[in-house]
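# Observations on chain architecture
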Amino acid sequence: MKIYTLHQKQKLPISMETAWDFLSDPKNLKTITPDYMGFNILSGADRPMFAGQIIQYIVTPVMGIKTKWVTEITHSVKNDYFVDEQRYGPYAMWHHKHFIKPIDGGVEMEDIIDYKLPFGILGQLVHPIIVKPKLEEIFKYRTQKLEALFGVYKT
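Being a predicted model, the structure only gives us computed values, none of them experimental. Within each chain, residues carry numbers counting from 1 in the order of the written sequence. Residue-level local features of this predicted model are given only where pLDDT is at least 70; pairs of side-chain atoms are given and counted only at 80 or more, and the full residue set underlies all totals for whole chains, interfaces and linings. Excluded from the side-chain calculations are hydrogens and water; all other atoms, namely the structure's heavy atoms, are used.

## Considerations on unusual backbone geometry
Put simply, the test is: In this description a helix means any DSSP run of H or I spanning at least four residues, a strand means any run of E spanning at least two, and both kinds are numbered starting from the N terminus.
Located in the positive-phi region is Asn-79, a residue other than glycine, with phi close to 60 degrees. Inspection of the secondary structure assignment puts Asn-79 in the loop between β4 (67–77) and β5 (81–88). Although it is not a glycine, Phe-119 adopts a positive phi angle of roughly 70 degrees. Relative to the elements of secondary structure, Phe-119 occurs in the loop between β7 (106–116) and α2 (120–150).

## With respect to the layout of surface pockets
Definition in use: Space inside and on the surface of the protein is sampled on a 1 Å grid over the protein atoms alone, with a cavity defined as a set of points where a 1.4 Å probe fits but cannot get out and a pocket as an open set with protein on both sides within 12 Å along at least 5 of 7 lines; lining residues have an atom within 4 Å of a point. Grid points are joined across faces, edges and corners, and a volume is the space filled by probe spheres set on the points. Gly is placed with the polar residues, together with every amino acid not listed as nonpolar (Ala, Val, Leu, Ile, Met, Phe, Trp, Tyr, Cys and Pro) or charged (Asp, Glu, Lys and Arg).
The volume enclosed by the largest pocket comes to roughly 1,200 Å³. Residue lining of the largest pocket: 49 residues in total, with Met-37, Trp-69, Tyr-91, Trp-94 and Leu-135 positioned closest to the centre. Looking at the lining of the largest pocket, the elements that each hand over two or more residues are α1 (16–23), β3 (54–59), β4, β5, β6 (93–103), β7 and α2. Looking at which element gives the most residues to the lining of the largest pocket, the answer is α2, with 10 residues. For the lining of the largest pocket, the per-class residue count stands at 34 nonpolar, nine polar and six charged.

## Observations regarding the pairing of β3
Just so we agree on the cut-off: Pairs of strands are assigned from DSSP output, requiring at least two bridges between the strands.
Pairing of strand β2 (residues 40–43) with β3, which is carried by three bridges, proceeds in the antiparallel orientation. Looking at the pairing, Ser-43 lines up with Gln-56 of β3. Sheet analysis places β3 next to β4, joined by six bridges and oriented antiparallel. Across the sheet, the residue bridging to Ile-58 is Lys-68, located in β4.

## Quick look at the nonpolar core
The line we're drawing: As used in this record, nonpolar core signifies buried Ala, Val, Leu, Ile, Met, Phe, Trp, Tyr and Cys residues forming a set joined through side-chain atoms within 4.5 Å. Buried, partly exposed and exposed residues are distinguished by accessible area as a fraction of the type maximum, computed with a 1.4 Å probe on protein chains only: under 20%, between the cut-offs, and over 50%, respectively. In what follows, a contact means two residues having at least one pair of non-hydrogen atoms within 4.5 Å.
Among the nonpolar cores identified, the biggest contains 32 residues, and Leu-23, Tyr-91, Trp-94, Ile-100, Val-107, Tyr-115 and Leu-135 are the most heavily contacted of them. For this core, the elements supplying multiple residues, two or more each, are β1 (4–12), α1, β3, β4, β6, β7 and α2. Setting aside residues up to four positions removed in sequence, Trp-94 forms contacts with Trp-69, Asp-84, Glu-85, Gln-86, Ile-113, Asp-114, Tyr-115 and Leu-135.

## Remarks on the pattern of salt bridges
Two side chains of opposite charge can pair, provided their charged atoms sit close to one another. Rule in force here: Here, a salt bridge means any side-chain nitrogen of Lys or Arg that lies within 4 Å of a carboxyl oxygen of Asp or Glu.
Overall, the coordinates contain six salt bridges when judged by the stated rule. Taking the shortest distance from any N to any O, the salt bridge between Arg-87 and Glu-85 comes out at 3.1 Å. With a relative accessible area of 43%, Arg-87 lands in the partly exposed category. Residue Glu-85 is classed as buried on the basis of its relative accessible area, which comes to 18%. For Lys-101, the salt bridge identified is with Glu-108, shortest N-O distance 3.5 Å. Within this structure, Glu-72, Glu-85 and Arg-87 form a network of salt bridges that share partners.

Worth remembering: the numbers are spatial, not functional.
Dropping the structure here:
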């Protein structure tokens, strides 16, 4: 039972309020997800984020295979952090913490994702050649998209 972790940080030249308003709105996930993933929200994004919120999506992560993904917002503290956990979907476990903190001239966003793959040893074998590179690619796209929307942070 191998649990993997993806850890990302990004700085943006925006206020805490702007960062929170954008990142905590589930409808904006489509904006920061690559088009080829066919990201489509089915339900649960009709109100501001709250603990207990269930959001259902369809995604197409690999080889055109459509996958239903259901997440729950398990924790949410305005202008600080929120956590989403997969309830149904492609992972055996998915726990994604989103932190936002003020820094000089903007905010720093931090994502910590702990995840486990299904299929035991087979899942572990495909992790370094399919899953990990795909997740890194998705977060690279997100970084670039957020910079296009909000600008590049200057130190």
